[in-house]
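Fold and contact review
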Amino acid sequence: MRVRSTCRMPVSRATVTILLGILFGFSITYYLTALKSLTNPIICGPEQQIGGFDYLDVISQRADADVFTRSQSLPGHRRGLILVAIMTAAKYVDTRAYNVWKTWAQHIPGRVLIFVAEGTESVHEDMPLIRLKGVDDTYPPQKKSFAMVKWLAENMADEYDWFLRADDDLYIRGEELALFLRSVDSSKAHIIGQAGLGNSAEYGLLALGSTDNYCMGGPGIVMSRDTLLKVSPHLESCLQHMLTSHEDVELGRCIRKHVGVACTWNYEMQKLFHNNQSAIKESYAKNMKELKDAITLHPIKDPAVMRKVHLRNREIKLREARAKRSLLSSELSTAKAQTLVRMTPNRTNDLTPWEYINNNKILFCADRVNCPRHTVDLSIRTEMADTITQLFDEFNTNARQRGRVLQFQSLQYGYMRVEPTKGVDYVLDMLLWFKKFRPPNRTTISVRRHAYVQQTFGKLRSLSEGVFRSNMRANSTLIEDPTLHMIMPLRGRAAIFARFAQHLKSICARGGDDLAVSLTIVLYSSEDEMENRETIEMLRASFIPVTVIEMGDVSFSRGVALMRGAETLPANALLFFTDVDMLFTCDALKRIKSNTILNAQIYFPIVFSEFSHESWSENDKLLADAFHYGRGRGYFRHFGYGLAAMYKADLMDVGGFDTKIEGWGKEDVDLFEKAIKNGRLRVIRVPEPGLVHIYHPIHCDENMPTAQKDMCHGSKAASLASIDTLVEQIAQYT
């Protein structure tokens, strides 16, 4: 039996006609498109067309045209990751803003622009300044902030996915910012930063709704491209209807109203976009523990602190790169197995002793003086803290997946040794918290663990002196003067000056063409002034350039005299501040030139100072010259900073000598402390055997200020005799 289906799909004539029309239309479109691509000429060079779009049309569009239209004019155009827009004022453009430009701005994975008021000028032509028309430096900068955001929307919205609004006292870690932003969908509307509701005095007075907030401007505000485009048409209206004077509050209100998004409510943002509100003037100057976990740090108003933070950040990145390289090297098939014995000693002297640290407070060492010590060196404490932090970061790499975390409590004790060609070894006994945070097994246990840690040094790298100096002076525009300009104050002491002059004459005679020396004498009136002038003429007859600065019959001040001498020389002059009691070798002067680098490095040599000749042994008295260094003959004056070498530009940069200090002492200590606090210049401090201070009796005026008098008496006592000689004298009476 055959069964015939009685179910049929009725198809009308109109439906068939529509389907055939659609098919015919697609076919005609396809063939016409193919034919057009065959007839279009291929043009090479600047007039090349791609996909039917003429780039000349895109370029000719006005900057204030519809940004969405302009962004669609570049087919396949790939936008950059981020543009950082920095607001600054005319009084800070050459200080704070320039330091930002020369530090972290060079490591942003995108572009940095600096926005200033109309008419603002800078001495630094390399800075990318955007002058906002019709905007001044009025504070609070509501108009400047809104004008900057408007400019970004009209000129840069088709170029970048993200936009960060920043102040000139903000530090940004570019690599961490890029890593964070690449984890967020940039096609959606976002405003990211540290959410705020106002301080305790402002809370409830900012006209914020129960679900409203704003991104604090200080730590930086990140906006996605979509947010920027949507808020741009409403910025002028928002500026005219502000409810407070805070530009970050009003920008957040405008975005909330017209874009529909609020600042990120997330506790972690307090660490990522860190804002230090406790001590603004000292923010991050001493403690930078927040740097490692942060993307931005605010506020940093001192340019020297900005450079210090930047240097610390680059150290962290370098350490991470070296750790990664070490890890990858250990995975090679040719890698050696890890062991605590990195060097096998061949002799007893080759064995490197371990140092024992008790509870991070007392240091017991085997090869140093003054041990045990009740205070561990700051360098050791800092390095161990960094090592422990890195160790626990590695422990907790997959903490979220494992459901547990380890937290450091305290160091019970530890061993440490330095293998000079290999690295540092640690054996650490620690108390730590072991926490499980997944239910139902949540628990916290205090445990004690032993850790064996190796810190490997990088490969040795040698540089020529020329390359090293060039690298150190990368940002300098001055050319170093090859002449060593010695500056010496002088009052009386004709016989001592004659000895100094005769010694300088003999040194210059055998110094060679690579040692050019000049002498600037700051001369005070005295009874034997004529003898000093005769000695000066003798030096000039020996073809040694000598300049005399007349001080007349005024109170002696070493700081005033040295500054007067420095003022007569150009900014690129190499200055060497010395005293008439000094003798020096030709090699010492060459080392002074080598160790002093313009705009980069200054040199405070530690001189060898003779004891009183009456305390010398008979053998010491028979030695022909001053350049011998026995324990009973003298000592290296570690507490003296009177002799210093630096370029004049660097002297002025650190603040120069304190000219208010009169008489003997303290001006050198003051200059050394200024150099250390400066932060931009590296200070070299090293014993210099080629500089010898000849003993002379020291007279301490009882009318001196107390601090100077105490220093004078201390120097006088230290210069009388060695401890060995004093012990021998005491032994005669016991």
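Calculation notes
- Residues numbered from 1 in each chain as written.
- Predicted model: local features only at pLDDT ≥ 70, side-chain atom pairs only at ≥ 80, totals over all residues.
- Heavy atoms only, no water.
- Helix = DSSP H or I, 4+ residues; strand = E, 2+ residues; numbered from the N terminus.
- Buried < 20%, exposed > 50% of the residue type's maximum accessible area, 1.4 Å probe, protein only.
- Contact = heavy atoms within 4.5 Å.
- Areas by Shrake-Rupley, 256 points an atom, 1.4 Å probe, with all protein chains shown as cover.
- Pairing = 2+ DSSP bridges.
- Axes fitted to C-alpha atoms, helices over the stretch in contact; angles between N-to-C directions.
- Disulfide = S-S within 2.5 Å.
- Phe/Tyr/Trp six-rings, centres within 6.5 Å; stacked < 30°, edge-to-face > 60°.
- pLDDT = per-residue confidence, 0-100.
- Parallel < 35°, antiparallel > 145°, perpendicular 65-115°, else oblique.
- Left-handed = near helix turned anticlockwise from the far one by under 90°.
- Nonpolar A, V, L, I, M, F, W, Y, C, P; charged D, E, K, R; others polar.
- Salt bridge = Lys/Arg side-chain N within 4 Å of Asp/Glu carboxyl O.
- Core = buried A, V, L, I, M, F, W, Y, C linked by side-chain atoms within 4.5 Å.

**Considering the overall build of the protein chain**
- Tallying secondary structure elements over the protein chain gives 23 helices and 25 strands in all.
- Burial status across the protein chain gives 42% buried among its 734 residues.
- Pairs at least 24 apart in sequence give 72% of the contacts found in the protein chain among residues at least 6 apart.
- When the accessible surface of the protein chain is summed, it comes to about 42000 Å², and 55% of that surface belongs to carbon and sulfur atoms.

**A few points about the sheet that holds strand β9 (residues 221–224)**
- What the six strands build is an open sheet, ordered β3-β2-β1-β4-β9-β6; its pairing is mixed. Of all the strands in the sheet, the pair left with one neighbour each is β3 (129–132) and β6 (191–192).
- Sheet topology places strand β2 (residues 110–117) next to β3; four bridges connect them, and they run parallel. Considered in β3, the bridge of Ala117 is made with Leu132.

**Looking at the sheet that holds strand β12 (residues 355–358)**
- Ordered in space as β13-β12-β14-β15-β16, the five strands form an open sheet in which the pairing is antiparallel. Two strands bound the open sheet, and with one partner strand each, they are β13 (362–364) and β16 (443–456). Mean inter-strand twist for the sheet, computed between neighbouring axes without regard to direction, equals 20 degrees.
- Relative to β16, strand β15 (residues 423–436) runs antiparallel, the two being bridged by 14 bridges. Bridging from a neighbouring strand, Tyr426 pairs with Val453 of β16.

**Overview of the state of the cysteines**
- Inspection of every chain in the model, using the stated rule, returns two disulfides.
- The side chain of Cys215 participates in a disulfide bridge whose partner is Cys263; the two sulfur atoms lie 2.0 Å from each other. Between Cys215 and Cys263, the S-S dihedral sits near 95 degrees, and the bridge is therefore right-handed. Taken together, the residues Cys215 in strand β8 (residues 214–215) and Cys263 in the loop between α9 (247–258) and α10 (269–272) connect sequence positions 48 residues apart.
- Sulfur-sulfur distance for the disulfide between Cys238 and Cys254 comes to 2.1 Å. Judged by the sign of its S-S torsion, about 75 degrees, the bond between Cys238 and Cys254 is right-handed.

**Overview of the packing of aromatic side chains**
- Throughout the structure, instances matching the rule amount to 20 aromatic pairs.
- On the numbers, 5.8 Å between centres and 40 degrees between planes, the contact of Tyr356 with Phe364 is tilted.
- The interplanar angle of 35 degrees and the centroid separation of 6.0 Å between the aromatic rings of Tyr356 and Tyr413 together place this pair among those described as tilted. Here the residue Tyr356 occupies a position in strand β12, and Tyr413 occupies one in strand β14 (residues 404–419), the gap between them amounting to 57 residues.
- Members of the aromatic cluster, each reached through a chain of ring pairs, are Tyr356, Phe364, Tyr413 and Tyr415.

**Examining the pairing of strand β4 (residues 160–167)**
- For β4, the tally of buried residues reaches eight of eight residues, placing the bulk of the element in the interior.
- The pairing of strand β1 (residues 80–87) with β4 spans seven bridges and is classified as parallel. When the sheet's bridge partners are listed, Leu83 is paired in β4 with Phe163.

**Considering the confidence of the model for the protein chain**
- Residues of the protein chain with pLDDT of at least 70 account for 86%, and the chain-wide mean is 83.
- Contacts for the low-pLDDT stretch residues 35–76, under 50 throughout, to residues beyond four places or in other chains number 27 contacts.

**Thoughts on the packing of helix α5 (residues 142–155) against α9**
- One can describe the packing of α5 onto α9 by two numbers: an axis separation of 9 Å at closest approach and a directional angle of 40 degrees. Taken together, the axes of α5 and α9 lie oblique to each other. Like other packed secondary-structure pairs, α5 and α9 cross with a definite hand, here right-handed. Facing Gln142, Ser145, Phe146 and Val149 of α5, the residues of α9 in contact are Glu247, Glu250 and Leu251.
- Split into classes, the residues belonging to the contact of α5 with α9 amount to three nonpolar, two polar and two charged.

**So, the pattern of salt bridges**
- Using the criterion set out here, one finds 36 salt bridges in the structure.
- Note that Arg165 is salt-bridged to Asp167, the shortest N-O span being 3.2 Å.
- Close ionic contact of Asp425 with Arg417 constitutes a salt bridge, the shortest N to O distance being 3.0 Å.
- Residue classification places Arg417 among the buried residues on the basis of a relative accessible area of 10%.
- The network of salt bridges with common partners includes Arg312, Glu315, Arg319, Glu383 and Asp386.

**Here we look at unusual backbone geometry**
- Residue Pro299 follows His298 across a cis peptide bond; omega there is 0 degrees.
- Looking at the secondary structure, you find Pro299 in the loop between β11 (296–298) and α11 (303–330).
- A cis geometry characterises the amide bond from Pro439 onward to Pro440, with omega recorded as 5 degrees.
- Inspection of the secondary structure assignment puts Pro440 in the loop between β15 and β16.
- The backbone of Arg493 shows a phi angle near 55 degrees, a positive value even though the residue is not glycine.
- Position of Arg493 among the secondary structure elements: in the loop between β17 (484–491) and α15 (494–509).
- Arg493 sits in the partly exposed class, given a relative accessible area of 32%.
- One non-glycine residue, Asn599, lies in the positive phi region at around 65 degrees.

**Regarding the packing of α11 against helix α12 (residues 378–395)**
- Between α11 and α12, the shortest axis-to-axis distance is 13 Å and the interhelical angle comes to 55 degrees. If you check the angle between α11 and α12, you find them oblique. Crossing of α11 over α12 shows right-handed handedness. In this structure, α11 contributes Arg312, Arg319 and Ala323 to the contact, and α12 contributes Glu383, Asp386 and Gln390.

**Digging into the nonpolar core**
- The biggest cluster of nonpolar side chains holds 43 residues, and the ones touching the most others in it are Ile82, Val84, Trp104, Leu164 and Val309.
- Of all the secondary-structure elements, those providing two or more residues to this core are β1, α4 (96–102), β2, β4, β5 (171–172), α6 (174–181), α10 and α11.
- Beyond its immediate stretch of four places on either side in the chain, Trp104 contacts Val84, Ile86, Leu170, Tyr171, Ile172, Met306 and His310.

**Some words on the environment of Cys215**
- Overall, the relative accessible area of 1% leaves Cys215 in the buried class.
- Taking the C-alpha atoms as reference points, Cys215 and Asp248, separated by 33 residues in sequence, lie 6.7 Å from one another.
- Contacts of Cys215, omitting those with residues within four sequence positions, involve Ile191, Ile192, Gly193, Gln194, Ile221, Asp248 and Cys263.

**Some words on the side chain of Thr103**
- Structurally, Thr103 is set in the loop between α4 and β2.
- The residues contacting Thr103, other than those within four sequence positions of it, are Met306, Arg307 and His310.

**What about the side chain of Asp425?**
- Following the sequence through the fold, Asp425 ends up in strand β15.
- Excluding its chain neighbours within four sequence positions, the residues that come into contact with Asp425 are Leu340, Arg342, Trp354, Tyr415, Met416, Arg417, Glu419, Val453 and Gln454.

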